[in-house]
Every structure is written in C-alpha cells, then in structure tokens.
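Structure at a glance
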Amino acid sequence: MTNKYIFGPVPSRRLGRSLGVDIIPSKICTLDCVYCEVGKTTELTCARESWFSTDDIIDEFSREYEKVKDNIDVVTITGSGEPTLNRNLAEIARRIKEVSSHPIAILTNSTTLTNKEVQNALMLFDIVVPSLDAATDGAFQAVNLPAPELDIVEINKALAEFTHIFTGKIYLEVLLVKDINDSKEEMSAIADVIKRCRYDMVQVNTVFRPPAYSGTKGLNEEELIDAFLYFKSFGINVEPVGNFVKSLGGTTDENLPERVSALLRMRPCTVNDICAVFGSDEAKTAAVTDSMVKDGLIEEKIFKGQKFYFGRR
Ligand code: SF4
C-alpha cells in the first residue's frame, strides 16, 4: 500500500533518523521561495485549513511507526508546503504523541508565528526548526516571494518572542542565495534577529538541490565558510554547512594539520578563524600552524595587524 502522509525514515544530520509526516497538499505555502526543492507554489496563501482527516493521518502514522520505531530518532512534521497552515496541527501533534514515544519535531518557514493559535500548537513539539532567510523586506521579497499580507519585520518579531516562550529545542535555519541575501548588510540584519532569539543552534545553508526558479544559485564552499565565520563573528552558535565543512565533523588533534591545510587552500584564515571552523583549542591550533609554517606547508602574512595563514594550492 502506498503511503499518503508518512515517508522515510530519512537521515537528517541535525535530527537523526526521522520518520516524516506530510500534512500539507502539494504545493500550498505562504511563500514561494526561489530555492524551494518541492517546486513553485501553486497556492500562495496564509489561510489555515484542514485538508485531510486527522484519523487518516494517525491511522497511517500508527501503522508505519510500529514498523520503524526501533530504527528512528525523531518524528518530523513537515510538508510539501508550510505545515503550520494545517488547522488541525495541534490535534495531529497531540495524537502522534499518544502513539509515539519519540521526540516530535516540525519544520516551519516562521511566517505563521504571528498567529497565537500556531504558537500554541508548536508548544506541543519537542523541536522546532524555523527558517530565517531575510531581515529586510527587499531580501524577503526577492528570496521568499511571500503572500502579499506578510511583513518580515512582524514575522521576525514573533519568531524572537516565540523562541523565549517555547521550552524545547530551536534549530534556526538560514538559507543563503547567491547575490540575494548573502550581502554583509543582509547577513548582519539576520544576525541581529538571531541575537534576539533563544536558540540551540543556527544552521547556515545554501542551494544544494535543483531550485524552483532556474537561475537561483547557491554559495560556493569558500563563500559558505566566509558566511559561517561572519555569523560566528557576532558570537552566534552556527553549525558548519557545505560539503567541505560538513566533512569536518570528527576533527581530532591527529587530523587537524590535514584539515587546516584543506581549509587554507580555500581561504586565508587567522588562528581564530580556524578554531571557529573546527572547534579546536586555540593553543593547539597555534602550535599546529607554527609547525606547518616551519615545515613550509603553509605561509603566514600580517594583514591589518592580524596574522593570516595561506595554504599552498
Ligand atoms: S517555505 Fe518551504 S515549502 Fe514553502 S516555498 Fe519556501 S522552501 Fe518551499
């Protein structure tokens, strides 16, 4: 029998093995993001509706959950659109929790957080993953092509407020699109919003899969590292992204020289930059760079009073 609502388990780096519950028909959303992997939005709306019977969703969920429950870490409500548009969200979450003993997560584009009913429904979750792609109307319009009534300033205000009321985990997601929301000005405005939020981790992401709008481009690895370090410079707890940085998990004292070499081939870095990327100890990292300079593996140069290390290509 083909499933209508349940998919997976799918691996998610942040959430682990996740059993997905899709509660929105394709493709109804409050946004029409240029980078959307699901395709263009066919119904751009902020109206909350109940498209499906909760009983049907829960019947299918109970059946599939029983098969995979020993093999998953989390149940994730998502959708081929914005899941909080489902008016039965609270009831669905409550009933999933009656069946499941796993944490329950939801991915949301944050636009409906201005609605108290949505905030109340989200309180039932253990993990909320809200998107934050823009802090100015210009970037919001260009990246997210929103429903006309949406106001990014109000949305971000509601997002910040919600994060302080919600007691579960918050993983904020910022998706950067080349030449649209990746300027220092926009990233700095996004960083200001993040600083007003309570969160556990911020993931800075880019376009890795075919986007809804052709011509939409992602950042390359070097630009992603720059963005990552830029957010770090505001004291924000950012998670590494991108193929290069993703592969950096498990950096140890032993493989640090090799990782530093790979990083410096892409961009010059200070010791602090290197520590920010790898989470390495400052003294150990400085010892590694000193020894690599001595061995002629990397070079050092002083620029604007700071010591930068350069890799050999
Ligand atoms: S919010 Fe999500 S589903 Fe909606 S258009 Fe953007 S990426 Fe696609």
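Structure report, in brief. Quick caveat: nothing in here was measured; it's all calculated off a predicted structure.

Rules behind the numbers
Residues numbered from 1 in each chain as written. Predicted model: local features only at pLDDT ≥ 70, side-chain atom pairs only at ≥ 80, totals over all residues. Heavy atoms only, no water. Helix = DSSP H or I, 4+ residues; strand = E, 2+ residues; numbered from the N terminus. Rg over C-alpha atoms; globule rule 2.2 N^0.38 Å. Buried < 20%, exposed > 50% of the residue type's maximum accessible area, 1.4 Å probe, protein only. Contact = heavy atoms within 4.5 Å. Pairing = 2+ DSSP bridges. Near = heavy atom within 4 Å. 1 Å grid on protein atoms, 1.4 Å probe; cavity = no way out; pocket = protein on both sides within 12 Å on 5 of 7 lines; lining within 4 Å. Sits in = over half its atoms within 2 Å of the grid points. Nonpolar A, V, L, I, M, F, W, Y, C, P; charged D, E, K, R; others polar. Phe/Tyr/Trp six-rings, centres within 6.5 Å; stacked < 30°, edge-to-face > 60°. Lys NZ or Arg CZ within 6 Å of the ring centre and 35° of its normal. Core = buried A, V, L, I, M, F, W, Y, C linked by side-chain atoms within 4.5 Å. Domains from an automatic or database assignment. Points joined across faces, edges and corners; volume = space filled by probe spheres on them.

1. What about the overall build of the protein chain?
In terms of regular secondary structure, the protein chain is built from eleven helices and twelve strands. Since a compact globule built from 313 residues should have a radius of gyration of about 20 Å, the 21 Å found for the protein chain is in line with a globular shape. Overall size of the protein chain, expressed as C-alpha extent along the three principal axes, is 70 × 45 × 35 Å. Residues counted as buried form 52% of the 313 residues belonging to the protein chain. Once local pairs closer than 6 in sequence are excluded, the contacts in the protein chain between residues at least 24 apart make up 70%.

2. Notes on the pairing of strand β11 (residues 298–303)
Sheet analysis places β11 next to strand β12 (residues 306–311), joined by six bridges and oriented antiparallel. Bridge pairing links Glu-299 to Phe-310 in β12. Linking β11 to β12, which pair antiparallel, is a turn of two residues; within it Lys-304 sits at a positive phi near 50 degrees.

3. Describing the sheet that holds strand β7 (residues 127–130)
Strand order in the open sheet formed by eight strands is β1-β2-β5-β6-β7-β8-β9-β10, with mixed pairing between adjacent strands. The sheet is open, and its two borders are formed by β1 (6–12) and β10 (238–239), each paired with just one other strand. Sheet analysis places strand β8 (residues 169–176) next to strand β9 (residues 201–206), joined by six bridges and oriented parallel. Residue pairing across strands places Leu-175 opposite Asn-205, the latter belonging to β9.

4. Topic: the site of the ligand
Around the ligand, the neighbouring residues are Lys-27, Cys-29, Leu-31, Asp-32, Cys-33, Tyr-35, Cys-36, Thr-41, Gly-81 and Asn-109. When atoms are counted within 2 Å of each cavity's grid points, the one that captures over half of the ligand is the largest pocket. Considered class by class, the residues forming the shell around the ligand number five nonpolar, three polar and two charged.

5. Some remarks on the packing of aromatic side chains
Applying the stated rule across the entire model yields four aromatic pairs. Measuring from ring centre to ring centre gives 5.1 Å for Tyr-5 and Phe-52, while their planes differ by 70 degrees; the resulting arrangement is edge-to-face. Pair noted here: Tyr-5 is in the segment before β1 and Phe-52 is in the loop between β4 (43–44) and α1 (54–68), with a separation of 47 residues, a long-range link. Grouping residues by exposure puts Tyr-5 and Phe-52 together as buried. Taken together, a centroid distance of 5.1 Å and an interplanar angle of 85 degrees make the contact between Tyr-230 and Phe-234 edge-to-face. Tyr-230 gets classed as buried once you look at its relative accessible area, which sits at 18%. Sitting over the ring of Tyr-213, Lys-40 keeps its end group 4.5 Å from the ring centre. Its guanidinium or amino end placed over the ring of Phe-310, Lys-301 lies 4.7 Å from that ring's centre, counting from NZ or CZ.

6. Quick look at the nonpolar core
Counting residues in hydrophobic clusters, the biggest one holds 75 residues, and the most contacted among them are Val-21, Ile-77, Ile-96, Leu-122, Phe-125, Ile-194 and Phe-231. Top element by residues in this core is helix α7 (residues 221–232). It accounts for seven residues. Each of domain 1 (6–247) and domain 2 (248–313) gives at least three residues to this core. Non-local contacts of Leu-122, meaning those with residues more than four positions away in its chain, are made with Thr-84, Leu-89, Ile-106, Leu-113, Val-128, Phe-162 and Phe-166.

7. Some thoughts on the pairing of strand β2 (residues 16–22)
Across the seven residues that make up β2, a large majority, five, are buried. As paired elements, β2 and strand β5 (residues 74–78) share five bridges and run parallel to each other. By the bridge assignment, Leu-19 is partnered in β5 with Val-75.

8. Considering the layout of surface pockets
Within this model, the largest pocket holds a volume of roughly 1400 Å³. If you trace the largest pocket, you find 44 residues lining it, with Arg-14, Glu-37, Leu-107, Glu-173 and Arg-209 closest to the centre. Contributing elements (two or more residues each) for the lining of the largest pocket: β1, β2, β5, β6 (104–108), β8, β9 and α8 (242–246). The element contributing the most residues to the lining of the largest pocket is β1, with four residues. Here the residues of the lining of the largest pocket are counted per class, giving 17 nonpolar, 16 polar and eleven charged. Counted as a void, the second largest pocket has a volume near 220 Å³. Taken together, Asp-182, Lys-184, Met-187, Leu-219, Glu-223, Asp-226, Ala-227, Leu-229, Tyr-230, Ser-233, Arg-267 and Asp-273 form the lining of the second largest pocket. Listed by contribution, the elements that provide at least two residues to the lining of the second largest pocket are α6 (184–196) and α7. Partitioned by chemical class, the residues of the lining of the second largest pocket number five nonpolar, one polar and six charged.

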